[in-house]
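Each chain, written out:
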Amino acid sequence: MLKTFQKGGVHPHENKLSANKPIQPIDPPAKIFIPLSQSLGAPSKPVVKKGDEVKAGDILAIGEAFISSNIHSPVSGKIEKIDDYFDVSGYRKPAIFIEVTGREWNESVDLSDELKEDIILDGASIIQKVKELGIVGLGGATFPTHVKLMVPQGKKAELLIINGVECEPYLTSDHRLMLEKPREIITGTRILMKALGVTKAIIGIENNKPDAINLLSKHASSYPGIEVCALKVKYPQGGEKQLIQALTGREVPSGKLPIEVGCIVQNVGTTFAVYQAIQKNKPLVERVVTVTGTNVLNPSNFLVKIGTPVSVLLGKAGWQPEKAGKVIAGGPMMGKALLNVEVPIVKGTSGILVLNREESFRPKVQPCIRCAKCVSACPMGLEPYYLARVSELEKYDLAENGAILDCIECGSCQYICPSARPLLDHIRLGKLKVNEIIRSRNQ
Amino acid sequence: MNPLIVSGSPHIHGEMTIKSIMWGVVIALLPAWLAGVWFFGIAAVIVTLVSIASCVLFEFLIQKFVLKQETTINDGSAVVTGLLLAMNVPSSLPWWQVVIGSLVAIGIVKMAFGGLGKNLFNPALVARVFLLISFPVAMTTWPLPIESRANVFNFDGVTGPTPLGSLKTQLAMGQTLAQIKLPSYTDLFWGNIGGSLGEVSAIALIIGGIYLLYRKIITWHIPVSYILTAFIFSGILWLVNPNRYADPIFHILAGGLLIGAIFMATDLVTSPMTAWGKIIFGIGCGVLTIVIRVFGAYPEGVSFAILIMNAFVPLIDRAFKPKRFGEVK
């Protein structure tokens, strides 16, 4: 019996169209812009100004707040301006605009492909360097990695979990990375173990990627502390709390972080970025992005410089704009639908999914028939029909009592609902309101 | 390029729809219905057609002329109500009484409460109880299974009591169970007994139930807790006094318990939302069914038991919440 999490979950069609496509680097266009808000927490503060010349790998902005991150230039060029752009949701957000002049890198960065397995730095220096080089969680949440590695007073980390689940349909960037950079990922795992002072790590991979499971198991075999664990395919197994339960049986208490049960979870993409930062001195300026969907003629996995517009990737993958209905940053279950395709790839973009027009519309909403599918699909053990209803009625006290803040917005309830009710729309709104109410109550 | 469509996640949707659920229920009911046609002949077909047609027609008329809203007859729910109503009445019921039952089910129980998903009580069961109280003779005159295949087209077949009916009347006359002639388990199992046209064949109902579970339209909680409770409760009574109380297997196979536990109590709209809620609901149905059968005035208690438990569903939903992930007590 393969391990998996216990409660709820759904199994959408996997549609991993690009699973066999090797990662292919693509060049940035002549002008790019780098958003200043690329991680959870406060936006970073620019340290360059208009007219400055930068090399690839030079720092552009620093994260001053506790939860914030540094941003580096992915290209060499000239700072054109620091100005607002319209982000994926249509909000004005500041960004650094760069005119690309070349590919010259900062000299401190080791650009060779040579594998470096010896870890020289000690734990504290590793965390410091992870912070300096702007590593954030690449699974989508973009939580600054150095903050995650600093175990709070009184808590103890005992297990590192590497998330190679990639449970979102269509996405294959983590899968490809595991196939093409297995030894780097194992070394990255060892670096993270050293930073955390733990002796045990588990790499969790869903069973639909047997090649990655075999390859990583082979490379992990020389390190007794690292174990690769195959998991039953079930969405949302990549959710931190679900993955911890699947691998260890431990339940992270409501409202608490994984460290409460002694675990730290890092995505395989992040682990690779940590390897590059520590062993190669390379800041996080590029990432693997899957471009996929039935609309796209060549579903692909690209190695993309941060700041490259989505339109460039779509062009390379051969999208058919006349047929396209929705362009989604991320996977189909949790991704964000884009307003326009001129937004840049950021650190948190794991994929671009293009849906054809006929796939883009939601089914017609029908009355709730109380089938309870949403209740059994909820991985957090909530009652989505109830939370959506009380949010719709603006009864936020009931929503709070129903533990609406436990919702991880995985979308399983809305996916399964036979009446196609917009459950998550209402719950998202309810969460925002409940958070507002709690904030004003605590003031 | 067309403007892009923007909406919140998730951007894909599962295959299950109201339509697929409703037609799934119809498919699951087919074996038991076919058994009814086998045992009761063409009359069963007529009752069914009248019931389904009038349910669909009433829903259409009420939506078009009274509520002035878009019609929903395509979702299949009125077909399910019509089919369930037909399967819960004797095949000899006059057609106009079937039509009245349909009007009660669709007009009063379903549409007056706001249409699909809003009704507190199971429409087909309320209609059945309405008919039972309004037309007690017609609703308790049970055609017996046709003896010869030549009589398939015969409308005036032999009638007689249901197994539960003979049990009740003869116990009331002071006979002991040993003296009462009840049908064999084999006849109960295959359905070779008198009764409502869809309730007689235990095996056909169980096949339908397995199909519903396989399609994930229902969960095991209500049927299992209902049947198990009825079995245990009637079993205790039987152990106490086997002369006075029928054995538990008889109670499970006779009457409407299986169609009730598998198809009526599991009605999505009128049953609880959580696993524990469903189990409590099933236990309540089981206890009430046996209480009514053994101590009540009616020989059969399934409809009343389920309707009474329907009324408790809002309370059950409030009292039995799912266990949350990482719940802090």
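Predicted model only: the values in this text are computed from it and were never measured.

Caption draft 1: Representation of the overall build of chain B in the model. Counting secondary structure elements, chain B contains 14 helices and two strands. By its C-alpha atoms, chain B is 80 × 55 × 30 Å across when sized along the principal axes. Counting only residues that meet the buried cut, chain B has 51% of its 329 residues in that class. Sequence separation of at least 24 residues holds for 73% of the intrachain contacts in chain B that already meet a minimum separation of 6.

Caption draft 2: Quick peek at the overall build of chain A. Of regular secondary structure, chain A possesses 14 helices and 17 strands. Its C-alpha atoms give chain A a radius of gyration of 21 Å, near enough to 22 Å, the size a compact globule of 443 residues would have. Taking the principal axes of the C-alpha coordinates as reference, chain A spans close to 65 × 50 × 50 Å. For chain A, long-range pairs separated by at least 24 residues make up 74% of all intrachain contacts whose partners lie at least 6 apart in sequence.

Caption draft 3: Representation of the interface of chain B and chain A in the model. Tallying the contact residues gives 31 residues for chain B and 55 residues for chain A. Among the residues making up the side of chain B that touches chain A, the classes are represented as 16 nonpolar, 11 polar and four charged.

Caption draft 4: Region of the structure containing the sheet that holds strand β17 (residues 351-356) of chain A. Residue and element names in this part refer to chain A. An order of β1-β14-β13-β17-β15-β16 is seen for the six strands of this open sheet, with the pairing classed as mixed. At either margin of the open sheet sits one strand with a lone partner, and together these are β1 (23-25) and β16 (336-337). The pairing of strand β15 (residues 324-329) with β17 spans five bridges and is antiparallel. Residue Ala324 lies in a different strand from β17, and its bridge partner there is Asn356. The sheet contacts of helix α8 (residues 310-317) involve β13 (286-292), β14 (300-305), β15 and β17, and relative to β14 the element is tilted by about 145°.

Caption draft 5: Here's a closer look at the domain arrangement of chain A. In terms of domains, chain A is made up of domain 1 (1-27 + 110-361), domain 2 (28-102) and domain 3 (373-442). One C-alpha centre belongs to domain 2 of chain A, the other to domain 3 of chain A, and the line joining them spans 35 Å.

Caption draft 6: Structural detail: the sheet that holds strand β6 (residues 71-72) of chain A. Residues and elements named next belong to chain A. Judged by pairing direction, the sheet is antiparallel, and its three strands sit side by side in the order β3-β5-β6 without closing on themselves. The sheet terminates laterally at β3 (45-46) and β6, the two strands that pair on one side only. In terms of strand pairing, strand β5 (residues 59-62) meets β6 through two bridges, oriented antiparallel. Its bridge partner being in β6, Ile59 is matched across the sheet by His72.

Caption draft 7: How the structure looks around the domain arrangement of chain B. Residue and element names in this part refer to chain B. Each assigned domain of chain B is listed here: domain 1 (18-139) and domain 2 (162-193 + 209-319). Centre-to-centre, using C-alpha coordinates, domain 1 lies 22 Å away from domain 2. Taken residue by residue, the interface counts 21 residues in domain 1 and 19 residues in domain 2. For the side of domain 1 that touches domain 2, the secondary-structure elements that each account for two or more residues are α1 (18-40), α3 (77-87) and α5 (123-134). A total of nine residues in the side of domain 1 that touches domain 2 trace back to one element, the largest contributor, which is α1.

Caption draft 8: Representation of the nonpolar core in the model. Counting residues in hydrophobic clusters, the biggest one holds 230 residues, and the most contacted among them are Ile161, Leu313, Leu338 and Ile352 of chain A. For this core, the leading source of residues is α1 of chain B, giving 11 residues. Discounting residues that sit within four places of it in the chain, Ile161 of chain A has contacts with Ile202, Gly204, Leu243, Ile244, Leu247, Cys263, Ile264 and Val265 of chain A.

Caption draft 9: Summary view of unusual backbone geometry. Residue and element names in this part refer to chain A. Residue Pro236 follows Tyr235 across a cis peptide bond; omega there is -5°. By the secondary structure assignment, Pro236 is in the loop between β11 (226-231) and α6 (240-248). One non-glycine residue with positive phi stands out, namely Glu166, at about 45°. Mapped onto the elements of the fold, Glu166 is located in the loop between β9 (159-164) and α3 (173-180). In this model, Ala372 sits at a positive phi of 70°, which is unusual for a non-glycine residue. Turning to its location among the elements, Ala372 is positioned in the loop between α9 (357-360) and α10 (373-377). Residue Ala372 is classed as buried on the basis of its C-beta count, with 23 C-beta atoms lying within 10 Å.

Caption draft 10: The arrangement of the packing of helix α1 (residues 123-132) of chain A against helix α7 (residues 268-280) of chain A in detail. Residues and elements named next belong to chain A. The contact between α1 and α7 brings their axes to 10 Å, and the two run at 105°. What the angle tells us is that α1 and α7 run roughly perpendicular. Residues Ile126, Lys129 and Val130 of α1 form the contact with α7, whose own contacting residues are Val274, Ala277 and Ile278. Partitioning the contact of α1 with α7 into residue classes produces five nonpolar, no polar and one charged.

Caption draft 11: Main features of the environment of Ala273 of chain A. Residues and elements named next belong to chain A. Locating Ala273 in the fold gives a position in helix α7. Of the residues examined, Ala273 has 30 C-beta atoms within 10 Å and is grouped as buried. For the pair Ala273 and Gly188, spaced 85 residues apart in the sequence, the C-alpha separation amounts to 7.9 Å. In this structure Ala273 touches Ile135, Leu138 and Leu284, once residues within four positions along its chain are discounted.

Caption draft 12: Representation of the pairing of strand β12 (residues 263-267) of chain A. Residue and element names in this part refer to chain A. With respect to burial, β12 is a largely interior element, five of its five residues being buried. Alternating residues of β12 divide into Cys263, Val265 and Asn267 and Ile264 and Gln266, and every residue in both groups is buried. Two strands pair when backbone bridges link them, and β9 and β12 are joined in this way by five bridges, in the parallel orientation. Residue Leu159 lies in a different strand from β12, and its bridge partner there is Cys263.

Caption draft 13: Representation of the environment of Val261 of chain A. All names here are of chain A. Among the structural elements, Val261 can be located in the loop between α6 and β12. With 13 residues separating them in the primary sequence, Val261 and Thr248 have C-alpha atoms 9.7 Å apart. Beyond its immediate chain neighbours, meaning those up to four positions away, Val261 contacts Ile244, Arg250 and Val252.

Caption draft 14: Fine view of the packing of α1 of chain B against helix α2 (residues 42-66) of chain B. All names here are of chain B. It is the contact of α1 with α2, at a shortest axis distance of 6 Å, that shows an interaxial angle of 135°. As summarised for this structure, α1 and α2 are arranged oblique, according to the angle between their axes. Counted together, Trp33, Gly36, Val37 and Phe40 of α1 and Ala43, Ala44, Val45 and Thr48 of α2 form the full contact between these two elements. Among the residues forming the contact of α1 with α2, the class breakdown is six nonpolar, two polar and no charged.

Caption draft 15: Layout of the confidence of the model for chain B. For chain B, the mean per-residue pLDDT works out to 92, and 96% of the residues sit at or above 70. The ipTM for the predicted assembly is 0.92, set against a pTM of 0.92.

Procedures and definitions
The residue count restarts for each chain, going from 1 along the sequence in the order it is written. Following the order in which they are written, the chains are lettered starting with A and the ligands numbered starting with 1. Whole-chain, interface and lining totals are the exception, using all residues; otherwise, since this is a predicted model, local features are given only for residues with pLDDT of at least 70 and side-chain atom pairs are given and counted only at 80 or more. Think of it this way: any DSSP run of H or I at least four residues long counts as a helix, any run of E at least two long counts as a strand, and we number them from the N terminus. We call a residue exposed when 12 or fewer other C-beta atoms sit within 10 Å of its C-beta, buried when the count reaches 20 or more, and partly exposed for counts in between; the C-beta positions come from the backbone. The contact rule is simple: place each C-beta atom from the backbone, and if two of them lie within 7 Å, those residues are in contact. Each radius of gyration is computed over the set of C-alpha atoms, and the globule rule expresses the reference value as 2.2 Å times the number of residues to the power 0.38. Gly is placed with the polar residues, together with every amino acid not listed as nonpolar (Ala, Val, Leu, Ile, Met, Phe, Trp, Tyr, Cys and Pro) or charged (Asp, Glu, Lys and Arg). Strand pairing is defined by DSSP finding a minimum of two bridges between the two strands. Here, axes are lines fitted to C-alpha atoms. For helices the fit covers the stretch in contact, and angles between N-to-C directions go from 0 to 180 degrees. Boundaries between domains were set according to an automatic or database domain assignment. Joined through C-beta atoms within 7 Å, a set of buried Ala, Val, Leu, Ile, Met, Phe, Trp, Tyr and Cys residues constitutes a nonpolar core. Each angle receives one of four descriptions, namely roughly parallel if under 35 degrees, roughly antiparallel if over 145, roughly perpendicular if within 65 to 115, and oblique otherwise. Across the chain, each position has a pLDDT score giving the predictor's confidence in that residue, from 0 to 100.

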